Each structure stands twice: as structure tokens, then as C-alpha cells.
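# Overview (structure and organization)
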Amino acid sequence: MNESTPEKRRRWREYHELCSAVHRLWQERDYRHPLPPCPAFPADLIGLACGAKTRAGTPCKITALYSGGRCKWHGGCSTGPKTEAGKEQSRINGRKGGRPKRQKPES
């Protein structure tokens, strides 16, 4: 298992940004074949672990990483709702009892 360092995670993100750019170009061409080749994955990044600090204080060992270089548990905090509808839904969800039940249509 590869030890996670800020330098390796930076290179991981750069690789994913490059591959995303290749896929965006492919999308702009209306997904016409063949798929443009992505650069080769760096050999020293294979098996790279998340490396975030767990509650126990040890580094996370999960190797299934997102493009940011962290696992699904350590990817970062939610930034919260941005739209007015999302903020209103958040207020409703936070109330005691949650969302009001829908009334059944009368038959």
C-alpha cells in the first residue's frame, strides 16, 4: 500500500483533471468514437491510500479514491444548500416532526 503524501495527492488530482479534460473534449465531439487516449496512470500512484486522519488518529487505509485524492468518508464537508428552495427544505427537515404529511385526496 502506498503512503499518502500531499505531493502524491496533488499528482493524483492533476492526473484526474487531465483525464477529465480529455473526456470533456470527447463530449464536445458528441462522443464520437474513438475515445481519445488518457495519459498512462503513474505507477507510483497505484494503491495510493486516502491518508486522512481517522478518529483513532491513524491514517485512513482506503485506496478507492475520488478525484480529490480522498476516500468517500474523508472527501470534505458539505457546503450546505445554496438555493432558496434548498435552504427552505433544510429548515423543514430540521423541524421537530420533519416534513408535513401530504393530505390524501378525497374520493
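Calculation rules
Residues numbered from 1 in each chain as written. Predicted model: local features only at pLDDT ≥ 70, side-chain atom pairs only at ≥ 80, totals over all residues. Heavy atoms only, no water. Phe/Tyr/Trp six-rings, centres within 6.5 Å; stacked < 30°, edge-to-face > 60°. Helix = DSSP H or I, 4+ residues; strand = E, 2+ residues; numbered from the N terminus. Core = buried A, V, L, I, M, F, W, Y, C linked by side-chain atoms within 4.5 Å. Buried < 20%, exposed > 50% of the residue type's maximum accessible area, 1.4 Å probe, protein only. Contact = heavy atoms within 4.5 Å. Expected span 1.5 Å × (residues − 1). Salt bridge = Lys/Arg side-chain N within 4 Å of Asp/Glu carboxyl O.

## Re the packing of aromatic side chains
The tally for this structure, following the rule as stated, stands at three aromatic pairs. Taking the centre distance of 4.9 Å and the plane angle of 85° together, the rings of tyrosine 15 and phenylalanine 41 count as edge-to-face. Here tyrosine 15 is found in helix α1 (residues 6–28), whereas its partner phenylalanine 41 is found in the loop between α1 and α2 (84–94), with 26 residues between them in sequence. Ring centres 5.0 Å apart and planes at 90° place the aromatic pair tryptophan 26 and tyrosine 31 in the edge-to-face group.

## Notes on the nonpolar core
Within the largest apolar cluster, eight residues are counted, these being Trp12, Leu45, Leu48, Cys50, Ala52, Cys60, Leu65 and Cys71. Those residues within four positions of cysteine 60 in sequence are excluded, and the remaining contacts are Ala49, Cys50, Gly51, Ala52, Thr54, Cys71 and His74.

## Quick look at α1
With 23 residues, α1 extends 33 Å between its outermost C-alpha atoms, agreeing within 8% with the 33 Å of an ideal straight helix rising 1.5 Å per residue. Among the residues making up α1, those that are buried are Lys8, Arg9, Trp12, Tyr15, Cys19, Val22 and Trp26. Immediately beyond the C-terminal end of α1, within one or two residues, lies aspartate 30, with a positive phi of roughly 60°.

## A look at the pattern of salt bridges
As enumerated under the stated definition, the model contains five salt bridges in all. Measuring nitrogen to oxygen at the nearest pair gives 2.5 Å for the salt bridge that ties arginine 10 to glutamate 7. With arginine 10 and glutamate 7 both in helix α1, this residue pair falls three residues apart, about one helical turn. Looking at glutamate 7, the relative accessible area reads 41%, which means it is partly exposed. Between arginine 10 and glutamate 14 there is a salt bridge whose closest N-O contact spans 2.3 Å.

## What to know about the side chain of arginine 9
If you trace the backbone, arginine 9 turns up in helix α1. The residues contacting arginine 9, other than those within four sequence positions of it, are Ser4, Cys50, Gly69 and Arg70.

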